Amino acid sequence: MDLPLIAVLNGPNLNMLGLRQPEVYGTTTLDDVEQLCAQVAEKLEVGIDFRQTNGEGELISWVQECRGRAQGIIINPAGYSHTSIALLDALLAVDLPVIEVHISNIHRREPFRHHSYVSKGALGVICGLGVQGYALALQAMADIILNEDTQ
């Protein structure tokens, strides 16, 4: 039996987790986040496709590839949250449920980080709860996709 697939997509500089600004992002690495997501996905009986890129175009291509392949997208667009209308357009085009995740609380940071274009294309946003936000997003997405027949 094929498990429902959730794409977990990560944007620029997240490969530097654990090294970059640990006072903001903590010391957990992206590999640790992937392991956390894999453990949660196994318990929820869903599959994940966990990826990270520093390239906006590549991230957009990955979003587009989700159409017809994944049942939902969890995305930490990182810096592209605040700049990429093209990423928003891709999320809207794939017609899938999207949950946006941020490790830090973007609303407590610099004013330019307070607005996310990506949020317009998301069912929900989880921010400020550290890497645990990924686990919460997976739980929420599993609830959404596994219960869509009953809605």
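So, how was this worked out
- Residues numbered from 1 in each chain as written.
- Predicted model: local features only at pLDDT ≥ 70, side-chain atom pairs only at ≥ 80, totals over all residues.
- Heavy atoms only, no water.
- Helix = DSSP H or I, 4+ residues; strand = E, 2+ residues; numbered from the N terminus.
- Rg over C-alpha atoms; globule rule 2.2 N^0.38 Å.
- Buried < 20%, exposed > 50% of the residue type's maximum accessible area, 1.4 Å probe, protein only.
- Contact = heavy atoms within 4.5 Å.
- Areas by Shrake-Rupley, 256 points an atom, 1.4 Å probe, with all protein chains shown as cover.
- Arc of directions from axis to C-beta.
- Expected span 1.5 Å × (residues − 1).
- Pairing = 2+ DSSP bridges.
- Axes fitted to C-alpha atoms, helices over the stretch in contact; angles between N-to-C directions.
- Parallel < 35°, antiparallel > 145°, perpendicular 65-115°, else oblique.
- Nonpolar A, V, L, I, M, F, W, Y, C, P; charged D, E, K, R; others polar.

Visitor: Which residues make up the overall build of the protein, and what values go with them?
Guide: Broken down by element type, the protein carries five helices and five strands. The helix and strand sequence of the protein, counted from the amino end, reads β-α-α-β-α-β-α-β-β-α. Whereas a compact globule of 151 residues would reach a radius of gyration of roughly 15 Å, the protein reaches 14 Å, a difference of no more than 12%. Seen along its three principal axes, the alpha-carbon backbone of the protein occupies a region of about 45 × 30 × 25 Å. Within the protein, the proportion of its 151 residues that are buried is 47%. Pairs at least 24 residues apart make up 75% of the contacts formed inside the protein by residues separated by at least 6 positions. Accessible surface, the protein: about 7600 Å² in total, of which carbon and sulfur atoms supply 49%.

Visitor: Give me the lowdown on helix H3 (residues 56-66), citing residues and values where you can.
Guide: All of the buried residues along H3 are Leu59, Ile60, Trp62, Val63 and Cys66. The buried residues of H3 occupy one face: seen down the axis, they fall within an arc of 160 degrees. In the core, the buried residues of H3 are packed alongside strand S1 (5-10), strand S2 (47-52), strand S3 (72-76) and helix H4 (85-94). A positive phi of about 80 degrees marks glycine 68, the residue just after H3.

Visitor: So, helix H2 (residues 30-44): which residues are in play, and what are the values?
Guide: With 15 residues, H2 ought to run about 21 Å at 1.5 Å a step, and its terminal C-alpha atoms sit 21 Å apart, in line with that. Considering only its buried residues, H2 is in contact with S1, S2 and helix H5 (132-146). Looking at the residues trailing H2, positive phi occurs at glutamate 45, about 60 degrees.

Visitor: Which residues make up the environment of glycine 57, and what values go with them?
Guide: Tracing the sequence through the fold places glycine 57 in helix H3. Since its relative accessible area comes to 46%, glycine 57 is described here as partly exposed. For the pair glycine 57 and alanine 86, spaced 29 residues apart in sequence, the C-alpha separation works out to 8.8 Å.

Visitor: Outline the sheet that holds S2, listing residues and values.
Guide: Judged by pairing direction, the sheet is parallel, and its five strands sit side by side in the order S2-S1-S3-S4-S5 without closing on themselves. On the outer flanks of this sheet lie S2 and strand S5 (124-127), each paired with one strand and no other. In this sheet, adjacent strand axes meet at a mean angle of 15 degrees when their direction is disregarded. In this fold H2 packs onto S1 and S2, with an angle of close to 165 degrees to the strand it touches most, S2.

Visitor: Now, about the packing of H3 against H4: what can you tell me, with residues and values included?
Guide: It is the contact of H3 with H4, at a shortest axis distance of 9 Å, that shows an interaxial angle of 10 degrees. Overall, the two elements H3 and H4 adopt an arrangement that is roughly parallel. Contacts from Glu56, Leu59, Ile60, Val63 and Gln64 in H3 reach Ala86, Leu87, Ala90, Leu91 and Val94 in H4. Class assignment of the residues belonging to the contact of H3 with H4 gives a composition of eight nonpolar, one polar and one charged.

Nothing here speaks to function; it is all geometry.
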